[in-house]
Every structure is written in structure tokens, then in C-alpha cells.
Amino acid sequence: MGSFGRPVVTCTVLRVVTRVPPPGSPAAARTQLPELAADPGLVVEDVETGWVGAVLRTEKSGGVHLVVLEDRRGKVRSFPLGPGFWVDGAPVRLVPPPVSGPARPTRPTRTASGSVAVHGARARTARASRILVEGRHDAELVEKVWGDDLRLEGVVVEMLDGVDDLAAAVRAMAPGPGRRLGVLVDHLVAGSKEWHEAAAVARLGPLREHVLVVGHPYVDIWQAVRPRRLGLDRWPDVPRGRPWKEGVLAALGRPHATQADVAAGWRRILAAVDGYADLEPALLGRVEELIDFVTGDGDDL
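Residues numbered from 1 in each chain as written. Predicted model: local features only at pLDDT ≥ 70, side-chain atom pairs only at ≥ 80, totals over all residues. Heavy atoms only, no water.

### A word on the sheet that holds strand β2 (residues 43-46)
On the basis of which strands lie adjacent, the open sheet formed by seven strands has the order β1-β7-β6-β2-β3-β4-β5 and mixed pairing. Each of the sheet's edge strands pairs with one partner strand only, and the pair in question is β1 (35-37) and β5 (76-80). Taken pair by pair, the neighbouring strands of this sheet meet at an average axis angle of 50°, ignoring direction. Pairing between β1 and strand β7 (residues 90-95): three bridges, direction parallel. Residue pairing for β7: Ala-37 is matched across the bridge by Val-95. (Pairing = 2+ DSSP bridges. Helix = DSSP H or I, 4+ residues; strand = E, 2+ residues; numbered from the N terminus. Axes fitted to C-alpha atoms, helices over the stretch in contact; angles between N-to-C directions.)

### What to know about unusual backbone geometry
Positive phi is not limited to glycine here, since Asp-161 has a value of about 60°. Considering the arrangement of structural elements, one finds Asp-161 in the loop between β9 (156-159) and α3 (166-172). Asp-161 sits in the exposed class, given a relative accessible area of 74%. Unlike most non-glycine residues, Asp-165 shows phi in positive territory, near 55°. (Buried < 20%, exposed > 50% of the residue type's maximum accessible area, 1.4 Å probe, protein only.)

### Points about the pattern of salt bridges
Enumeration over the complete set of coordinates arrives at twelve salt bridges. Put simply, Asp-148 and Arg-151 hold a salt bridge, and the shortest N to O gap is 3.3 Å. Placement of both Asp-148 and Arg-151 in helix α2 (residues 136-153) is noted, with a separation of three residues, approximately one turn of the helix. For Asp-148, a relative accessible area of 46% gives the class partly exposed. Residue Asp-237 pairs with Arg-234 through a salt bridge whose shortest N-O separation is 3.3 Å. For the pair Asp-237 and Arg-234, one class covers both residues: exposed. Within the structure, one salt-bridge network assembled from shared partners comprises Glu-143, Asp-148 and Arg-151. (Salt bridge = Lys/Arg side-chain N within 4 Å of Asp/Glu carboxyl O.)

Right, here's the structure in full:
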């Protein structure tokens, strides 16, 4: 269960901290660090800044040897070669790779969300900030596509079981500095029930500065999966007043009478999703926005 009594989807992992002398200090000079070639694709962390990225190349600028790192979002920074780096949880001294060094991929692989995959990075504890979604299917889809990103950032996803009285749920979670809430809701269109619930959150006074509610236009998260992944030209139309999931399954000629039927239908849909390219842009942008929001206020546990 999550810290607020809701099921937790992503896993909490521990960050192990070891003291490393600052680069250039007498203590660092006395410390014998293993040397490691900065081969392209090697994942390292700069101790002083916490920047984690994959080596793109090494270069010389102004007489200083630099290593160029790319993080999972594709951002690039350069650092002086030498001590002050972690690899696989241990301090090392990075040195230029030999000309005939082992071949490594020049670009790291990508996660299901399209982010740069940072393999071997040390895990971190869960942030106090959270992402909230309406239900299990929303949580499972977010986990499948963004799970690697969320674990690397220490972000936990929790289920709301619907958005009735969303403002009360937000107040109960007491958002504040270092404890942001990002909320993803279905069918966030003008005049919808979800739209009114989001508007109520916007009236929460000072709390609203620490909360971001975003949504997609679809009646249900199922529609955020591109229909071609299921061999469809478009999602079926469901008559007003009929439960949407059951109506879709009926239109597709699949069992729909019980909750078990609905669960089986969702498993088939989820299995068709391999990555971000299988989702509609209206969902992709909103989830990325939430991740940036909950990780962007200095909560760096």
C-alpha cells in the first residue's frame, strides 16, 4: 500500500550513499581510484552535481580533457576527465579511451518512453512527490511505457479509484514544497465531470501551486492506445449511457458480461503496447509534463 493508503504501482528502491573526496582535494589525491576508460555508452554519475548520463565521446578543449555525457532526456553536459565519477556504485577515475579500445554503441538504447536508457545507474529512494492516476488500467499503462523513467527518478504512481471529489483527495495528501502532486485524469474536456473536478483543485488557494492536473480527451485510457495496434481503423462508438469498456468489447465481438471479461480485454490491449509510438500524442505529452513537474522542485532524495 502507498503512504496514503492507496496501492503503489512503482517500486521503491534505495539509494546507497558513499562519501567521495571532492576532486582536487588533498584527500582525493591520497585516494587511489581505479582508472576506467570513458568508452562511448558507459553510464557514469558526476559526484558533485549528481548528473547521470552515458558517455558520448571525449574531447579536448582549452587544454583540458573532457567527457561528454547525455542523460535520459537527451540533454548533454561536459565534465573534466579524472576523479569524481561513479560507475556501478563505485568511485572511479575516468581516463580517455585507447584508440583501439573495445567497441561500444555510440548511442545508448532507449526506454519504452523514448528516453535515453541509463543502465547501471544507482537507484534512489522514492520522492515525496507523487503522480496520481484514476485507476488500475491507467497505472499499468504508465508503468509499461514510463516505468524505467519513473524508477530512475524515484517517482511513485498511486491510484485514486476515480476522481470524485478530487479536491478533497488533494487536500488529504497535503502537497507543499518538495511534495508535489501530479494528477492524470481521463476525459478532461470543457464541461465534463473531470473538468469540474480539476477546476475545484484550482480553487484550493496556496495548495494549487504544488499541484498539476492534466488530462487527455478520451473517455477512457483504452482510447489512448492507437487502434491500429489492435487491427482497428478506429475505436468503436459506444451509445451514451452504456458502460464504455463493456460497449467496446461488445462491438469487437469479445466477452464483456463480467469484470473478468473486461480485465481480459484490457490485458489484450496492454499486450499490444510496446512503447510510446503505440500511444496517442494527447497522452504522451501529458505524462511527460507530469514527470517534469513532480521532479522539478528540488526534491532530490
